[in-house]
Amino acid sequence: MKPEQTEVWSPVPRVVTPGANDSAPPSDAIVLFNGKDEDQWVSAQDHTPARWIVHDGILTVNKKAGNIETRRRFKDYQLHLEYRIPADITGSGQARGNSGLFLASTGPGDRGYELQILDSYHNSTYVNGQAGAVYKQSPPLVNACRRPGQWQSYDVIWTAPTFHKSGALKTPARITAFQNGVLIQNDFTLRGETLYIGKPFYQAYDRAPIKLQAHGDPSQPISFRNIWVRELP
Ligand code: MG
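Computed from a predicted model, the values in this text were never measured in an experiment.

### Thoughts on the pattern of salt bridges
Think of it this way: side chains of opposite charge can pair up when their charged atoms draw near.
Point 1. Considering all chains together, one arrives at 9 salt bridges under this definition.
Point 2. Among the salt bridges present, the one from Asp206 reaches Lys75, with a minimum N-O distance of 2.5 Å. With Asp206 in the loop between strand 13 (182-189) and strand 14 (211-212) and Lys75 in the loop between strand 5 (68-70) and strand 6 (77-84), this pair connects stretches of sequence that are 131 residues apart.
Point 3. The residue Asp187 makes a salt bridge to Arg174 at a minimum N-O spacing of 2.9 Å. Of this pair, Asp187 sits in strand 13 while Arg174 sits in strand 12 (residues 174-179); the two residues are 13 residues apart in sequence, bridging distant segments of the chain.

### Structural notes on the coordination of the magnesium ion
Point 1. Looking at the magnesium ion, the protein donor atoms are Asn98 (OD1), Ser99 (O), Glu114 (OE), Gln116 (OE1) and Gln213 (OE1), and they sit 2.2 to 2.3 Å from it.
Point 2. Taken in sequence order, the residues that donate to the magnesium ion follow the motif N-S-x14-E-x1-Q-x96-Q. Pair check on accessibility: Glu114 and Gln116 agree, each one buried.

### Describing the sheet that holds strand 7 (residues 99-102)
Point 1. Spatially, 5 strands are ordered 2-5-14-7-8 in an open sheet, and the strand pairing comes out antiparallel. The open sheet terminates on both sides in strands that have one partner only, identified here as strand 2 (41-43) and strand 8 (114-117).

### Some details on the pairing of strand 9 (residues 151-159)
Point 1. Where strand 6 and strand 9 come together, 8 bridges link them in antiparallel fashion. Residue pairing for strand 9: Leu81 is matched across the bridge by Tyr154.
Point 2. In the sheet, strand 9 pairs with strand 12 via 6 bridges, with the strands oriented antiparallel. Note on strand 12: the bridge partner recorded for Ile157 is Thr176.

### Digging into the environment of Lys211
Point 1. By the element assignment, Lys211 lies in strand 14.
Point 2. The class for Lys211 is buried, based on a relative accessible area of 0%.
Point 3. A polar contact of 2.8 Å, which involves the side chain of Lys211, links it to the backbone oxygen of Arg111.

### A closer look at the pairing of strand 13
Looking along a regular strand, one sees the side chains alternate between the two faces of the sheet.
Point 1. Relative to strand 13, strand 12 runs antiparallel, the two sharing 5 bridges. Directly across from Phe178, in strand 13, lies its bridge partner Leu183.
Point 2. Hairpin connection between strand 12 and strand 13: a loop of 2 residues separates the two successive antiparallel strands, and Asn180 in this loop has a positive phi of roughly 55°.

### Some words on unusual backbone geometry
Point 1. Omega for the peptide link from Ser10 to Pro11 comes to 0°, which places this bond in the cis form.
Point 2. Along the polypeptide, Pro11 turns up in the segment before strand 1 (30-33).
Point 3. With a phi close to 60°, His122 is a non-glycine residue in the positive phi region.
Point 4. Assignment of secondary structure puts His122 in the loop between strand 8 and strand 9.

Analysis parameters
Residues numbered from 1 in each chain as written. Predicted model: local features only at pLDDT ≥ 70, side-chain atom pairs only at ≥ 80, totals over all residues. Heavy atoms only, no water. Salt bridge = Lys/Arg side-chain N within 4 Å of Asp/Glu carboxyl O. Helix = DSSP H or I, 4+ residues; strand = E, 2+ residues; numbered from the N terminus. Donors = N, O, S within 2.8 Å, 3.2 Å for Na, K, Ca; no water. Buried < 20%, exposed > 50% of the residue type's maximum accessible area, 1.4 Å probe, protein only. Pairing = 2+ DSSP bridges. Polar contact = N/O pair within 3.5 Å; in protein donor to acceptor, adjacent residues only side chain to side chain.

Given below as structure tokens:
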């Protein structure tokens, strides 16, 4: 054999210009929060414009306004998000900076598939509910949390579940995730939606918004910045 016989020349991967740094969106990303407005978001409850607080380039949870979700619906994607637990956070266990990134919002409230956001820096709780857990299904591989007051990142690759016409599951959802550049979920296969109570199960959907949680815990609200997503074919 000649070396040329194992060379592949097409199709040529299309060009994507990376962001200026790892926080900045690449050229083919959809920016979900750019520091200026929350136009990409609506109330998850009634789909009216989102009423969280935008100030100084950051988005802060408004607990009274409830969860927010994207206007757009997604299937498979790569997502980048940054969050900050307040430096003066109080509370313990699940009541300390609780929020969440719902990879797919399949209904109101907390319905969907949640990657937990919580202050898990020297704060213990059930491990499948700590920061970086696929809620009540998969603890993070390691605890890569920074101390409160510092910005932290999630980089997620989400493969949505697929369903037969009958509604039966065809292929389950999978997630790979990094927290602050550290691998915390390695191609984990989900057992269904993430439930607070009971065993997970799947319910058919096609495309779904991405949702952020306004958790009812009494601790101070957390903030977000630099949220973008790249749809995957
Ligand atoms: Mg949560």
